[in-house]
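Listed below are the residues making up each chain.
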Amino acid sequence: MRIGIDLGGSHIGVGLIYKDKILDTRQKNFVDSDKVNIKKTIVDTSIAMIKDLLKSQNIAQSDIELIGIASPGLIDSRSIVRASNLSLENFCLTEELESRLRIKVKIRNDAKCCAMAEKKYGSLKKYKDCVFLCIGTGIGGAAFLNGKLLEPNGFSGFEFGHMIIEKDGRSCTCGKKGCFEQYASISSVKKRITTILGERPDVSGQYLREQLLIKDNPLVKLEVESWLNYLKIGIGNLIDIFEPEAICLGGSFSHYEGNPILDRLIVKLGESDTTFTTSKKPDIVLAKYKNDSGIIGATI
Ligand SMILES: [Zn+2]
């Protein structure tokens, strides 16, 4: 039995995990007062939710073999080095939890955790050379070659969202200009579509998916076409670098199953000017575990 912690920009989720099954969860959305001392909030909330989970499931703390944390941002082997959407720097959450709970704790970048869940149990299970692309608030990812997750010695690497696809393009939170995620993340598209429609930027994902299909608004149609073209460029680059057998699209994009946007993207990726390589095009699959992949993958 393991515990997975999913740390997001505005929430924290804790789950009791057995293999790929979530047996029970606790969730908390951060309110403004939580952010005054965000480190204390994260530690105290995680511990309270873990204890509550164990108590309600009648499980002893000693039966938990590992706690895994999926965290946004730049992660080294033990700490959150920088997570700008949580205003965190140099935070050794693993040590804080280990010293208070006496359970082994590990931490990994959230996109890598999602990738691990899909590779071990989900949509990438049958592939050896494959890429996971998390398209959500930003764009993250991971690559597997010969079944093995590629991991640099330093930080997590494979920051696909920060490859530049437009010279002197839009400013990115990372300090560079023209990064892939500024053009192709769900958040960036949501921002531009809601601006066109004159709506608040915090519409639901479901609402956005419906609005993207509006046929009688030429500005929306242009925006969708532009988004798909940037996805084609970014994913095309990844195909040429890794020559994967499959690319798994996760994050909020995993909810595009059955949406014509996905079909249009697959058609674009099959076009002859998408990639250098002329070998068989990779399978395009969606993440099986959707929003749960981080909390499951954190425990792998
Ligand atoms: Zn960037």
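Quick note: structure is the one above.
Every chain begins its residue count from 1, and numbering advances along the sequence as written. Only residues with pLDDT of 70 or above have their local features reported here, since the model is predicted, and side-chain atom pairs are shown and tallied only from 80 upward, although totals for entire chains, interfaces and linings are computed over all residues. Side-chain metrics in this entry use all non-hydrogen atoms of the structure; hydrogen atoms and water are not considered.

1. What to know about the coordination of the zinc ion
Here the zinc ion is held by His162 (ND1), Cys172 (SG), Cys174 (SG) and Cys179 (SG), and the distances to it run 2.0 to 2.3 Å. Sites may look incomplete because water is not among the atoms; the donors themselves are N, O and S atoms within 2.8 Å of the metal, or within 3.2 Å for Na, K and Ca. Site shape is set this way: if four donors have all angles between 85 and 135 degrees, tetrahedral; if opposite donors are over 155 degrees apart and all others between 65 and 115, square planar for four donors and octahedral for six; otherwise irregular. Of note is the zinc ion, whose four donor atoms meet at the metal with angles of 106 to 120° in an arrangement that counts as tetrahedral. Counting the intervening residues between successive donors of the zinc ion yields the motif H-x9-C-x1-C-x4-C. One end of the pair, histidine 162, is in the loop between strand 11 (148–149) and helix 4 (181–184); the other, cysteine 172, is in the loop between strand 11 and helix 4, and ten residues separate them in sequence. Only protein chains enter the accessibility calculation, which uses a 1.4 Å probe; a residue whose area is less than 20% of its type maximum is buried, one above 50% is exposed, and one in between is partly exposed. On the basis of relative accessible area, histidine 162 is assigned to the buried category, the value being 18%. Classification of cysteine 172 by relative accessible area gives buried; the value is 9%. Helix numbers and strand numbers start at the N terminus; a helix is a DSSP run of H or I with at least 4 residues, a strand a run of E with at least 2.

2. Some remarks on the sheet that holds strand 12 (residues 246–250)
For two strands to be treated as a pair, DSSP must find no fewer than two bridges joining them. Ordered in space as 11-10-9-12-13, the five strands form an open sheet in which the pairing is mixed. One side of each edge strand has no neighbouring strand; the edge strands of this open sheet are strand 11 and strand 13 (283–286). Relative to strand 13, strand 12 is paired through four bridges, and the arrangement is parallel. When the sheet's bridge partners are listed, isoleucine 247 is paired in strand 13 with isoleucine 284. Residue contacts follow a heavy-atom distance rule, with two residues in contact if any of their heavy atoms lie within 4.5 Å. Working convention: axes come from line fits to C-alpha atoms, limited for helices to the stretch in contact. Angles between N-to-C directions cover 0 to 180 degrees. Where helix 3 (residues 110–120) meets the sheet, it contacts strand 9 (130–135), strand 10 (139–145), strand 11 and strand 12, and its direction lies at approximately 45° from that of strand 10.

3. A short note on unusual backbone geometry
Here the phi dihedral of asparagine 58 falls at roughly 55°; this positive angle occurs in a residue that is not glycine. Relative to the elements of secondary structure, asparagine 58 occurs in the loop between helix 1 (38–57) and strand 4 (66–71). Even without being a glycine, phenylalanine 158 presents a positive backbone phi close to 55°. Residue placement: phenylalanine 158 occurs in the loop between strand 11 and helix 4. For phenylalanine 158, a relative accessible area of 21% corresponds to the partly exposed category.

4. Details of the pairing of strand 3 (residues 21–29)
With eight bridges joining them, strand 2 (residues 11–18) and strand 3 adopt antiparallel strand pairing. Across the sheet, the residue bridging to glycine 15 is threonine 25, located in strand 3. In this antiparallel pair of consecutive strands, strand 2 and strand 3, the connection spans two residues, and lysine 19 shows a positive phi of 55°.

5. Here's the deal with helix 3
Burial analysis of helix 3 places nine of its eleven residues in the buried class, which makes it a mostly covered element. Taken as a whole, helix 3 has its buried residues at Ala111, Lys112, Cys113, Cys114, Ala115, Met116, Ala117, Glu118 and Lys119. The opening residue of helix 3 is asparagine 109, an N-cap whose side-chain oxygen sits 3.0 Å from the backbone nitrogen of alanine 111. Residues adjacent in sequence count toward polar contacts only when both atoms are side-chain atoms; beyond that, a polar contact is any pair of N or O atoms within 3.5 Å, and within protein one must be able to donate a hydrogen and the other to accept it.

6. Topic: the side chain of asparagine 217
Tracing the sequence through the fold places asparagine 217 in the loop between helix 6 (205–211) and helix 7 (218–242). Apart from the residues lying within four places of it in its own chain, the contact partners of asparagine 217 are Ile196 and Leu197.

7. Here we look at the environment of isoleucine 38
Looking at the element boundaries, isoleucine 38 is found in helix 1. Between the alpha carbons of isoleucine 38 and leucine 86 there is a distance of 7.7 Å; along the sequence they are 48 residues apart. Once residues lying within four places of it in the same chain are set aside, the contact partners of isoleucine 38 are Phe30, Leu86 and Leu88.

8. A few points about the packing of aromatic side chains
Classification of ring pairs rests on two measures: the distance between centres of Phe, Tyr or Trp rings, Trp counted by its six-membered ring, which must be within 6.5 Å, and the angle between planes, read as stacked under 30 degrees, edge-to-face over 60 and tilted in between. Summed over all chains, the structure comprises seven aromatic pairs. A centroid spacing of 6.1 Å and a plane angle of 75° characterise the contact between phenylalanine 158 and phenylalanine 160, whose relative ring orientation is edge-to-face. Note on phenylalanine 160: relative accessible area 6%, which makes it buried. Centroid distance tryptophan 227 to phenylalanine 253: 6.0 Å. Interplanar angle 70°. Geometry classified as edge-to-face. Of this pair, tryptophan 227 sits in helix 7 while phenylalanine 253 sits in the loop between strand 12 and helix 8 (260–269), and the two are 26 residues apart along the sequence. A single burial state applies to tryptophan 227 and to phenylalanine 253, both of which are buried. One aromatic cluster is present, formed by Phe158, Phe160 and Phe242 through successive ring pairs. Above the face of the phenylalanine 144 ring, lysine 119 is positioned so that its terminal group lies 6.0 Å from the ring centre. In this scheme, Lys NZ or Arg CZ marks a charge over a ring once it lies within 6 Å of the ring centre and within 35 degrees of the ring normal. Against the face of tyrosine 256 rests arginine 209, its NZ or CZ located 5.7 Å from the ring centre.

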